[in-house]
Amino acid sequence: MFVGRDQELEALAAAPAATLVYGEPGIGKSRLVKEHVATLDALVAVGGADPGSLPYAPFVAAMRRLPGVRPELSNPGADRARLFEEVLVFLERAGAERPIVLVLEDLHWADQSSLDLLTFLLRNLMSENVRLICTSRESPHLWPLTRIGDVTLVKPRPLGRDDVAAMVAGACDVDQVLARSEGNPLFVEALVDAGTFGSLREVLLAGAERLAPVALDVLRVAAVGGRRVEHRLLCDLAGLDELALDDALRPLVRGRFLLVDGDGYTFRHTMIREAVYGDLLPGERIRLHRRYAEALADRPSMAADHWYEAGDRPRAFESAWQARRYERVLELWEPSSGVEHATVLELAARHALHAGEARRAEELATAALAEVEDPARTATLLELRVAIRDQLGEDGLDDLRRAVRLAPDTPRLLGALAATLYWNGMETEARAHAEKAAALGDTRSLITLAALTQDLDEAAGLYDRARRQAADHDTLLVAEASEADVLEAAGEHARAEAVARRGIAQARRMGLARSRGTLLAANLAEPLASLGRWKEAHEVVTEALALDPPPIYRAWLLLVRGTVAVWQGDLDTAADVVAEARPLMLGTSRGYDSCLEPDLLEANYAQAAGDHERARRVVDHALSSHDLTRTRRYAWPILVLAARFSGVRQAPPGLVTAGRLQQAHRSTFDAECGAPWEPAVAAWRAVGQPYMLGRVLLRGAERALAEGDRQVAEPWLRESAAVATELGAGPLLKDVEAVAATGRMALTAGSGLTARELEVLRLVSEGLSNKQIAERLFISSRTSGVHVSNILAKLGASSRIEAAALARREGLI
């Protein structure tokens, strides 16, 4: 009987896309979901997890009931990001034909890979025709799912007295049943059926013991089969003909011990199955497991468990090996198994990495290394451990060095070592290994050589070669991401934007939008932020973060968001980014720059928040804990802050200045140390970063005022104010206004011209066209034309020449 669930049914009906129904065993989670989906005009696909179930088991079972070519979830060599993308596309296509509801039961038993896939789907499913409904006991490892915004939580309540009375229907004392069951529907039904108040196991078995012997035998056979057993398999194992089996099953279904589930049967509740299974004698269990194993010879994954429970270790090993269940193989391995133990460890490590269990994978790979003496195999295992530790954010440099010593002419290893050395700022050694690897045919080493090349035209040629020779999609996209990064680091923001956009379009066509595509999104957002197109950068970051990118890509996206937030004065967002990004970038697997990026953001955040002591501490940490000569991008920006807050007046010897962007940072450092500000202003104009231009104009004006040079200070302050206004950089504008007030300067002239109009007027007087003005000020040609029209109107001038003459005569420029 189904009673007392009106409120929960309403909650399920109102849930927009995803629901987690959770609670204690027997509280009625599955029954609630079944009653709800029965009201829907949708294809319902049900899957569930069991103790020790295989990776993705709930999804494999559920998707088997959906039409179309299903993704191969059991392939241990599949790329996880692409696999998740394929599952998403499969579900969205299935939903396009007919609304579907994916019901995933008993997720408290799900493996980590299933939970990772579920998390990905919860964040990325956009189709209104696909719903996810999950059931679980209360379990800590599921709570991260509850923090995903669109997941509705439903927790069935214990039944009240009236509901229990309706279920009891006068069969026994309501208050006794309520007290004994505590409102748990399964226990209420069991108590009523049993008519006794013994132990829970006795209560659950009481109804079964009243069955006819043949029906009880069938129930016991089903219990050995697991949570679900197919009708044909049950017929084979029960030893009954079709008609006799039907007669035995009817009381089991009528008594709700078993529920009809497609072409098979499931236990109404796991606890009933556990009670029946637990009541079997040891000999009965062994015999039934053996019969199941023999009947399931063509399904080795299932047969392995039955042979294992039957105590036949050699056959369990053989079936587990066929099923590629390497953890079970490892457990059953013996010297006589015919497979080298180190081989099993390696395969188990690769399987664990595929399943998202990186810590377990590292443990297994390390154990395999301890057992192997052959140089080539050792090198292969070291390469595997590098890939595993990369997932953990740990440095694989030592392992790669050792692997290359053991297999010095392996192009792939040489190329991986070269890339890692490059990430860690060891450029001379990186170049030597990359050149050797490229000569041996390693395409990715061309990407490393391009990144090491300071001549951008030469680098572009190497990137083109890498793209032409790329044997797979990933190499092609890595080339695009690297080139965009190198161009941005060189201050070629527009070119970086173009390459990143091209890469994102390719990633979408290749089905890799949610993996490499999100890396390229970070490569796009950064030049957009540099160019002052902050709204566009924000949109790119938001869209990419919604795709649930890998942790390091998420961190890079967040850093762009945090940087723009600092510039805009959104310090709450900046603080949140600092807190979230730092843990994602622990470790050195992504090299020196990734260690310094969070430091730079935090120091800039502290400066914007007025916490100069915190800014000094962060900068001092960066200087004392890192070798700045090993980073191309972040040494000079950190030194600029060090000059302001820590009194640093000299750069470390050997620090390279590569490209006009780094030259602009260096000129800013020199100015902070006492050199003139004019070179820094000129450098930032050439780079085309309006925010940094506005900042150095302000710093230069501050010094000019201190030196009494108002002729320099006033136009620089006005230009800085115009930049801040155009960008929406509130903190910068506030700082400019404060300095102007101290110096008693007006940021607009008596003519009524705004700071931006004065800046445009200065460029008009230099003879620049509207297009040239737009390029200089990083605005559109239409906007510059509007400014010129306003200037002419306010000055009463009939032409640009007359406006320039008036400006000079009135001292406006």
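First, a word on scope: everything that follows refers to the structure included in this document. Computed from a predicted model, the values in this text were never measured in an experiment. (Residues numbered from 1 in each chain as written. Predicted model: local features only at pLDDT ≥ 70, side-chain atom pairs only at ≥ 80, totals over all residues. Heavy atoms only, no water.)

## With respect to the overall build of the protein
So, step 1. For the protein, the count of helices and strands is 44 helices and eight strands.
So, step 2. Its C-alpha atoms give the protein principal-axis dimensions of about 110 × 70 × 45 Å.
So, step 3. Of all 813 residues assigned to the protein, the portion counted as buried reaches 52%.
So, step 4. The contacts in the protein between residues at least 6 apart in sequence include a share of 62% that link residues at least 24 apart.
So, step 5. Put simply, the protein shows about 35400 Å² of open surface, and 50% of that area lies on carbon and sulfur atoms.
So, step 6. For the protein, the distance from the average position of its 96 positive side-chain charges to the average position of its 115 negative side-chain charges is 2 Å. (Helix = DSSP H or I, 4+ residues; strand = E, 2+ residues; numbered from the N terminus. Buried < 20%, exposed > 50% of the residue type's maximum accessible area, 1.4 Å probe, protein only. Contact = heavy atoms within 4.5 Å. Areas by Shrake-Rupley, 256 points an atom, 1.4 Å probe, with all protein chains shown as cover. Lys, Arg positive; Asp, Glu negative; His and termini not counted. Charge placed at Lys NZ, Arg CZ, Asp CG, Glu CD.)

## Quick notes on the packing of aromatic side chains
So, step 1. Under the counting rule described, the total for this entry stands at eight aromatic pairs.
So, step 2. Note on Trp534 and Tyr691: the rings are 6.0 Å apart at their centroids and 55 degrees apart in plane angle, and the pair reads as tilted. Here the residue Trp534 occupies a position in helix α30 (residues 534-545), and Tyr691 occupies one in helix α38 (residues 690-706), the gap between them amounting to 157 residues. Each of the two residues, Trp534 as well as Tyr691, counts as buried.
So, step 3. For the pair Trp567 and Tyr691, a centre-to-centre distance of 4.6 Å together with 20 degrees between the ring planes defines the contact as stacked. Residue Trp567 is found in helix α31 (residues 551-568), and its partner Tyr691 is found in helix α38; the two are separated by 124 residues along the sequence. Like Trp567, the residue Tyr691 is buried in the burial classification.
So, step 4. Through a chain of ring-to-ring contacts, the aromatic side chains of Tyr56, Phe84 and Phe120 assemble into a single cluster.
So, step 5. The ring of Tyr308 carries the charged tip of Arg328 above its face, separated from the ring centre by 4.0 Å. (Phe/Tyr/Trp six-rings, centres within 6.5 Å; stacked < 30°, edge-to-face > 60°. Lys NZ or Arg CZ within 6 Å of the ring centre and 35° of its normal.)

## Re the sheet that holds strand β3 (residues 100-105)
So, step 1. Read from one edge to the other, the open sheet built from five strands follows the order β2-β3-β4-β1-β5, with strand pairing classed as parallel. The open sheet has two edge strands with one neighbour each: β2 (43-48) and β5 (151-154). Strand-to-strand twist across the sheet, computed as the mean angle between neighbouring axes with direction ignored, equals 20 degrees.
So, step 2. Sheet topology note: the strand β1 (residues 18-22)/strand β4 (residues 130-136) ladder contains five bridges and is parallel. From the neighbouring strand, Ala18 faces β4, where its bridge partner is Leu132.
So, step 3. Against the sheet, helix α2 (residues 29-37) touches β1, β2, β3, β4 and β5, its axis set at about 160 degrees to β4.
So, step 4. Contacting β3 and β4, helix α4 (residues 80-97) runs over the sheet at an angle of about 135 degrees to β3. (Pairing = 2+ DSSP bridges. Axes fitted to C-alpha atoms, helices over the stretch in contact; angles between N-to-C directions.)

## Some remarks on the environment of Pro51
So, step 1. For Pro51, the position within the fold is in the loop between β2 and α3 (57-63).
So, step 2. Since its relative accessible area comes to 54%, Pro51 is described here as exposed.
So, step 3. The spatial distance from the C-alpha of Pro51 to the C-alpha of Leu107 is 9.9 Å, given a sequence separation of 56 residues.

## Regarding the pairing of strand β8 (residues 264-267)
So, step 1. Along β8, one buried face is formed by Gly264 and Thr266 and the opposite face, lined by Tyr265 and Phe267, is buried too.
So, step 2. Strand direction decides the pairing type here: strand β6 (residues 228-230) and β8, joined by three bridges, are antiparallel. Residue pairing across strands places Glu230 opposite Gly264, the latter belonging to β8.
So, step 3. Two strands pair when backbone bridges link them, and strand β7 (residues 258-261) and β8 are joined in this way by four bridges, in the antiparallel orientation. Note that in β8 the partner of Val260 across the bridge is Tyr265.
So, step 4. With antiparallel pairing between neighbouring strands as the criterion, β7 and β8 make up a hairpin whose turn holds two residues, including Gly262 at a positive phi of roughly 65 degrees.

## Focus on the pattern of salt bridges
So, step 1. Applying the stated rule across the entire model yields 64 salt bridges.
So, step 2. Where Asp261 meets Arg65, a salt bridge forms, and the shortest distance between an N and an O atom there is 3.2 Å. Of this pair, Asp261 sits in strand β7 while Arg65 is found in the loop between α3 and α4, placing the two residues 196 residues apart along the sequence.
So, step 3. In this structure Arg65 comes out as partly exposed when scored by relative accessible area, which is 30%.
So, step 4. Shared partners join several salt bridges into a network, and the residues in it are Arg359, Glu362, Arg385, Arg389 and Asp399. (Salt bridge = Lys/Arg side-chain N within 4 Å of Asp/Glu carboxyl O.)

## Description of the nonpolar core
So, step 1. Judged by nonpolar contacts, the single largest core of 95 residues is most densely connected at Trp556, Trp684, Tyr691 and Leu717.
So, step 2. With twelve residues, the top contributor of residues to this core is α31.
So, step 3. Those residues in contact with Leu717, other than ones at most four positions away along the chain, are Leu698, Ala701, Leu705, Val736, Val739, Ala740, Met745 and Leu747.
So, step 4. Met167, Leu280, Ala379 and Ala407 belong to the second largest nonpolar core, which has 90 residues in total. (Core = buried A, V, L, I, M, F, W, Y, C linked by side-chain atoms within 4.5 Å.)

## Observations concerning the sheet that holds β7
So, step 1. Strand order in the open sheet formed by three strands is β6-β8-β7, and the pairing between neighbours is antiparallel. Pairing within the sheet leaves two strands with one partner each, and these edge strands are β6 and β7. On average, adjacent strands in this sheet sit at an angle of 30 degrees to one another, irrespective of strand direction.
So, step 2. Here helix α13 (residues 242-254) sits on the sheet in contact with β7 and β8, set at roughly 105 degrees to β7.

## Description of unusual backbone geometry
So, step 1. Residues other than glycine seldom take positive phi values, yet Asp106 does so here, at roughly 55 degrees.
So, step 2. Structurally, the position occupied by Asp106 is in the loop between β3 and α5 (112-124).
So, step 3. Judged by its relative accessible area of 10%, Asp106 is buried.
So, step 4. Its identity as a non-glycine residue notwithstanding, Arg744 has a phi of 55 degrees, on the positive side.
So, step 5. Looking at the element boundaries, Arg744 is found in the loop between α40 (730-742) and α41 (755-765).

## As for the packing of helix α11 (residues 213-225) against α13
So, step 1. At a minimum axis distance of 9 Å, the contact between α11 and α13 shows a crossing angle of 80 degrees. By the angle between their axes, α11 is roughly perpendicular relative to α13. Packed against α11, whose contacting residues are Val214, Ala215, Val218 and Leu219, the element α13 presents Leu245, Ala248, Leu249, Pro251 and Leu252 at the interface.
So, step 2. Across the contact of α11 with α13, the residue classes tally to nine nonpolar, no polar and no charged. (Parallel < 35°, antiparallel > 145°, perpendicular 65-115°, else oblique. Nonpolar A, V, L, I, M, F, W, Y, C, P; charged D, E, K, R; others polar.)

## Details of helix α17 (residues 313-322)
So, step 1. Taken residue by residue, α17 has Ala316, Phe317, Ser319 and Ala320 as its buried positions.
So, step 2. Close packing links the buried residues of α17 with α16 (300-309) and α18 (326-332).
So, step 3. The N-terminus of α17 is capped by Asp312, whose side-chain oxygen sits 3.3 Å from the backbone nitrogen of Arg315.
So, step 4. At the C-terminal side of α17, Arg324 shows a positive phi close to 60 degrees. (Polar contact = N/O pair within 3.5 Å; in protein donor to acceptor, adjacent residues only side chain to side chain.)

## Regarding the pairing of β1
So, step 1. β1 sits mainly inside the fold: five of its five residues count as buried.
So, step 2. With burial as the criterion, each face of β1 is covered, one bearing Ala18, Leu20 and Tyr22 and the other bearing Thr19 and Val21.
So, step 3. Note: β1 against β5, four bridges, orientation parallel. What sits directly across from Ala18, in β5, is Val151.

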